[in-house]
Amino acid sequence: MTSKQRSYLKGLAMTMDPILQIGKSSLTPELTKAVEEALSARELIKIHVLKNCADSEKDMAQMLAERTHAQVVQVIGKMIVLYRPAKEEKDRKIVLP
């Protein structure tokens, strides 16, 4: 992913609300499945990491990206932004520059 594409996705993510939260149980199989389903429905998702989570946000973002075959767009503060393009060209909602 180029820096221009990453910048474009960051701009789209700024207006989004987080759709998932990671709490003290950290990365569970259920959370990974929920992220997978969210990425299937939307290509770009924002995840909020709660204060009681002991793991590092960057490590969790990397693990989620590996498990769901997504790309980490941004980890800023307690927010994680992930992107995975739709498998079918016709289903893509976000067209990268």
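About the thresholds
Residues numbered from 1 in each chain as written. Predicted model: local features only at pLDDT ≥ 70, side-chain atom pairs only at ≥ 80, totals over all residues. Heavy atoms only, no water. Helix = DSSP H or I, 4+ residues; strand = E, 2+ residues; numbered from the N terminus. Rg over C-alpha atoms; globule rule 2.2 N^0.38 Å. Axes fitted to C-alpha atoms, helices over the stretch in contact; angles between N-to-C directions. Parallel < 35°, antiparallel > 145°, perpendicular 65-115°, else oblique. Left-handed = near helix turned anticlockwise from the far one by under 90°. Contact = heavy atoms within 4.5 Å. Salt bridge = Lys/Arg side-chain N within 4 Å of Asp/Glu carboxyl O. Buried < 20%, exposed > 50% of the residue type's maximum accessible area, 1.4 Å probe, protein only.

Per an unreviewed UniProt entry, the recorded name for the protein is Ribosome assembly RNA-binding protein YhbY, and the organism is Candidatus Copromonas faecavium.

Enquirer: Describe the overall build of the protein, naming the residues involved and giving the relevant values.
Expert: Assigned secondary structure in the protein consists of three helices and four strands. The linear arrangement of helices and strands in the protein, starting from the amino end, is α-β-α-β-α-β-β. Over its C-alpha trace the protein gives a radius of gyration of 13 Å, about what one expects of a compact globule, namely 13 Å for 97 residues. For the protein, the spread of C-alpha atoms along the three principal axes comes to 40 × 25 × 20 Å.

Enquirer: Outline the packing of helix 2 (residues 29–41) against helix 3 (residues 57–68), listing residues and values.
Expert: A pair of packed helices is captured by two measures, namely the crossing angle of their axes and the spacing between those axes. For the pair helix 2 and helix 3, interaxial distance at closest approach is 10 Å and the crossing angle is 65 degrees. With respect to helix 3, the axis of helix 2 lies roughly perpendicular. As for how helix 2 packs across helix 3, the hand of that crossing is right-handed. Of the residues in helix 3, those touching helix 2 at Thr32, Val35, Glu36 and Leu39 are Leu64, Arg67 and Thr68.

Enquirer: Describe in detail the pattern of salt bridges, supporting the description with residues and values.
Expert: Where charged atoms from two side chains of opposite charge approach closely, those side chains can pair. Under the criterion given, the structure shown has two salt bridges. Arginine 84 is the partner of glutamate 36 in a salt bridge, and the nearest nitrogen-oxygen pair spans 2.7 Å. Remark: arginine 84 occurs in the segment after strand 4 (79–83) and glutamate 36 occurs in helix 2; sequence separation between them is 48 residues. A salt bridge links glutamate 57 to lysine 78; the nearest nitrogen and oxygen atoms lie 2.9 Å apart. On the criterion of sequence distance, the pair formed by glutamate 57 in helix 3 and lysine 78 in the loop between strand 3 (71–76) and strand 4 is long-range, its members being 21 residues apart.

Enquirer: How would you summarise the environment of glutamate 57 if you had to cite specific residues and measurements?
Expert: Its relative accessible area of 16% is what places glutamate 57 among the buried residues. Residues contacting glutamate 57, with those up to four places away along its chain left out, are Val49, Val75, Gly77, Lys78 and Ile80.

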